[in-house]
Amino acid sequence: MANIEVKDAQGAKAAELELSDAIFGIEPHMVAMHEVVRAQRASWRQGTSNTLTRGQVRGGGKKPWKQKGTGRARQGTIRAPQWTGGGVVFGPHPRKYDLKVPRKVVKLSMKSALSAKLADGQLTVAENFEFEKPSTKQAAAILKALGLEGRTTIVLGEDNVNAYLSFRNLEKVTLLWASEVNTYDLIDNKNLVLTTDAVKFIEEVLA
């Protein structure tokens, strides 16, 4: 078990937390992370681009001119690809870009991402943020007290609504509920902040 400091809203040490070595202490599996991030990015592609082939373009049923005797190249339809307004050769058509990744590989990639963040000193564990009411100013002060600059991902425990509403308007801050954690968002940042509730949830899911 690895110990990590739990910071309070003022950036001071509030306690120590034992992190599971099976989740936060493994050798990062780069291939697994690559496969999962590749699959995630592929799933975001809509795949709705479409072009019409010569058989789908409207019109062009009549031969433009007779086959011989005109001195021009023979043509069968004005909807052939070489004509303006004609069909498109090898153009895109609707398709799915989804890639299937085994569930075990997805879990391994998340464990790898969390372990890499801890090893690189980019992981901060904080007490559950308590807000009497939403306050972006208070949220900004917390990040400053924690010494976090640049792109930051904050993972909150479920139902911490006031904290979510407080942090969401801050520039370069990505917010996730613990149930939404994924490999891409864990590594696509300079700083990763987990609340104690989020750590507990993640360890239960990935155990």
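Relevant structure appears above.
Being a predicted model, the structure only gives us computed values, none of them experimental.

(A) Summary view of the pairing of strand 3 (residues 123-126). Residues Leu-123 and Val-125 of strand 3 are buried on one face, and the alternating residues Thr-124 and Ala-126, pointing to the opposite face, are buried as well. Pairing analysis gives two bridges linking strand 1 (residues 2-7) to strand 3, with the strands arranged parallel. What sits directly across from Lys-7, in strand 3, is Ala-126. Bridge count between strand 3 and strand 6 (residues 191-195): four bridges; the pairing is parallel. Bridging from a neighbouring strand, Ala-126 pairs with Thr-195 of strand 6.

(B) Spatial organisation of the pairing of strand 6. By the criterion of burial, strand 6 is predominantly enclosed, with five of the five residues buried. Burial along strand 6 is two-sided: the face carrying Asn-191, Val-193 and Thr-195 and the face carrying Leu-192 and Leu-194 are both buried. With four bridges joining them, strand 4 (residues 152-156) and strand 6 adopt parallel strand pairing. Within the sheet, the bridge partner assigned to Thr-153 lies in strand 6 and is Leu-192.

(C) How the structure looks around the side chain of Gln-40. Relative to the helices and strands, Gln-40 is located in helix 2 (residues 30-43). A polar side-chain atom of Gln-40 sits 3.0 Å from a polar atom in the side chain of Asn-182. Side-chain polar atoms of Gln-40 contact the backbone nitrogen of Tyr-184, separated by 3.1 Å. If we skip the residues at most four places from it in the chain, Gln-40 touches Asn-182, Thr-183 and Tyr-184.

(D) Region of interest: the environment of Gly-121. You can see Gly-121 is positioned in the loop between helix 3 (103-119) and strand 3. With 70 residues separating them in the primary sequence, Gly-121 and Asn-191 have C-alpha atoms 8.8 Å apart.

Cut-offs used in this document
Note on numbering: residues in each chain are counted from 1, in written sequence order. This being a predicted model, a pLDDT of at least 70 is required before a residue's local features are given, and a value of 80 or more before pairs of side-chain atoms are given or counted; all residues contribute to the totals for chains, interfaces and linings. The basis for the side-chain values is all heavy atoms of the structure; hydrogens and waters are excluded. Burial classification: accessible surface area is computed with a 1.4 Å probe over protein chains only, and a residue below 20% of its type maximum counts as buried, one above 50% as exposed, and the rest as partly exposed. Each helix is a run of DSSP H or I of at least 4 residues and each strand a run of E of at least 2, with the numbering of both proceeding from the N terminus. Paired strands are those between which DSSP finds at least two bridges. In protein, a polar contact means a hydrogen-donor-capable atom and an acceptor-capable atom, both N or O and within 3.5 Å, with residues adjacent in sequence counting only if both atoms are side-chain atoms; elsewhere, any N or O pair within 3.5 Å suffices. Working rule for contacts: check all heavy atoms of both residues, and any pair within 4.5 Å makes them a contact.

Worth remembering: the numbers are spatial, not functional.
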